[in-house]
Amino acid sequence: MGQPKQTSSVTPLRAMSRAVTFAAFGGLLLSQTAALAQSASQQPATTANSRSTVSQDSTNAAAAFDDGTDDTATPAANGTTANPDDDAAQRPAIPDAQAGDDITGSILDEDIRRLNTREAPIDEALPRRRAAESASTAETPGIPIGTFVLRPSVTQSINTETTKDGSSTQRRAFLETDAAATLTSDWGRHQLTVTSEGAWQRNISGEGEEQPSFKVNGDLRLDLPDDTVAHLTAGYNFYREDTDDPDAIANATQQSDVQEFSAGASVQRDFGILRGTTALALTRSIYSDATLTNGTTVALSDRDQTTGTLRGRVGYELSPALIPFIEATVGRTLYDETRDSAGYERSGHSYGAKAGVEVDLGEKLKGEVGVGYEMADFEDSRLSSIDTATLDASLLWSPIRGTDVNLDLQTSIQPSTTAGESGYVSHALTTTVTHQLRDNLVGTMIGGVTWRDYPTDSTINDELVYTAATGLTWNINRYLDLTSTLGYELTARKEGTDSQQWRAGVGLKLKR
């Protein structure tokens, strides 16, 4: 018979234990699934543009975390992670955001989110560097006088001069004192500027005529309404006629001293693209007696005169840098004596007109150029009228920093006092070049030519006057300069002897 089957008493217990375990695991699984379903049914829909939803989701997420439930770690049924939109909806709210702000995935600033942020331009990253003020261009502080600032200067120099006229030669050494001052107002509106300069010479050896001079000019600018600017001017000029002047007295040890008084007024107004200017100028000239070599004097009071000039200009503003213009001038000259010492009536009229253009390109180029016509006639029928085409220019050009070129071209009619002569036309060209060699060293070169063009029926031949000069200024400090000059002048005549003059000097300039 077969062997009986072996059984154990623990088998029923093991079976019951496993059944209880499966039941407990199933109950736990069902309860976890129900909790997830309830949480999903209570969670509101999230929107990208509502802050209140984000805040509510953040509160629910925080509560779930406190309860020990990690919803973000719960796998989906297909084995992937939960929807990332649900994760974004449960992020904590940023307290700085205001209600109603637009949120496009993130409320952080765009430059913060970007890895390749914009680089600021150099002008924004670093402040613009200003050119250092050199000793040669630094302006002295001046002396405050009420609402004005006075800037005076005095130059003391020792000079030598050699003059050659034909076969005769004169040499002299002299001391020269040059004084200059500028007085400028410090007003909020309008401005008054007064400039003055003078020179006094004293011979210390040799022979030669001393050449004193002095002039002062004032300009009151009035800023009126409606884009209107007015100027009131006044001036005084004293000088001694040069021996090479066509009106100089021959064989005189001292030429006539000339005093000129001037006054004027001008009004300039802008009419949109049009600019109009009207100006009136008056000049009074007084001549002293000349001293001859024998000690006698020659009275020159018959040359005293008063001249008035009325000028009008209209400009058309193509741009602030380019303004074409037309200008007309009319003048009247009255001599104190109806007839001069030779019996000629020299009072007369003058007329002029020109067209040109004003240029203003800032520091590089500014000034004006004009061409026109000018005429002068006299009351005495024996004096022929003088007329000429004119070319005038006044330009300031700076090709490079530290270099300035000043070009001046003037055409004018100069009346004469020689018996039977009405006058001549003067064409004068002067060029001045100033260059800053070093921070405290400035060089200056001057070149010029003047053509004295007499009428064809004149008994006086044309003359050409050439001038050349150079100088150096060393700025020892803001208040003291060392100056040196060297100049040459040649007067060439078609008939007669030429004259030459050399001059050199060195001096110290004190300024405040």
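Anything mentioned here points back to the structure above.
Owing to the predicted nature of the structure, the values given are computational and were not obtained by experimental measurement.

**Student:** Explanation requested: the overall build of the protein in the structure shown.
**Tutor:** A tally of helices and strands in the protein yields 5 helices and 22 strands. Considering the protein as a whole, with its 512 residues, one finds that 24% of them fall into the buried category. In the protein, the share of contacts with a sequence separation of at least 24, taken over all contacts with a separation of at least 6, comes to 53%. Surface accessibility of the protein: about 32,400 Å² in total, with carbon and sulfur atoms responsible for 57%.

**Student:** Is there a simple way to think about the environment of E327 in this case?
**Tutor:** Secondary-structure assignment places E327 in strand β13 (residues 322–335). On the basis of relative accessibility, which here comes to 10%, the residue E327 falls in the buried class. Along the chain, E327 and G312 lie 15 residues apart, while their C-alpha atoms are 5.7 Å from each other. Those residues in contact with E327 that lie beyond four places of it in its chain are R311, G312, R313, G352, A353 and K354.

**Student:** Sorry if this is basic, but what is going on with the pattern of salt bridges here?
**Tutor:** Opposite charge on two side chains permits them to pair, given that their charged atoms come into close proximity. Counted according to the given criterion, the structure contains 23 salt bridges. Between R240 and D257 there is a salt bridge whose closest N-O contact spans 2.7 Å. Here R240 is found in strand β6 (residues 228–240), whereas its partner D257 is found in strand β8 (residues 257–271), with 17 residues between them in sequence. In this pair, the class of R240 matches that of D257, namely buried.

**Student:** Please clarify how the pairing of strand β17 (residues 403–415) should be interpreted in this entry.
**Tutor:** On a regular strand, each side chain points to the face opposite its neighbour's, so the side chains alternate between the two faces of the sheet. In this sheet, β17 lies alongside strand β16 (residues 386–397) in antiparallel orientation, the contact comprising 5 bridges. Paired with S394 across the bridge in β17 is D408. Between β16 and β17, which follow one another and run antiparallel, lie 5 residues, and G402 among them has a positive phi close to 95°. Here β17 runs beside strand β18 (residues 423–438); their pairing, made up of 13 bridges, is antiparallel. Each bridged residue has a counterpart across the sheet, and for Q414 the counterpart in β18 is Y424.

**Student:** For this particular structure, what's the right way to read unusual backbone geometry?
**Tutor:** If a residue is not glycine, its phi is most likely negative; likewise, a peptide bond is most likely trans. Positive phi, normally seen in glycine, also occurs at D226, with a value near 60°. Locating D226 in the fold gives a position in the loop between β5 (213–224) and β6. The phi angle at N251 is positive, at roughly 60°, despite the residue not being glycine. One can find N251 in the loop between β6 and β7 (252–254). N251 gets classed as exposed once you look at its relative accessible area, which sits at 63%.

Here is what the cut-offs are and how they apply
Residues numbered from 1 in each chain as written. Predicted model: local features only at pLDDT ≥ 70, side-chain atom pairs only at ≥ 80, totals over all residues. Heavy atoms only, no water. Helix = DSSP H or I, 4+ residues; strand = E, 2+ residues; numbered from the N terminus. Buried < 20%, exposed > 50% of the residue type's maximum accessible area, 1.4 Å probe, protein only. Contact = heavy atoms within 4.5 Å. Areas by Shrake-Rupley, 256 points an atom, 1.4 Å probe, with all protein chains shown as cover. Salt bridge = Lys/Arg side-chain N within 4 Å of Asp/Glu carboxyl O. Pairing = 2+ DSSP bridges.

None of this, on its own, says anything about what the molecule does.
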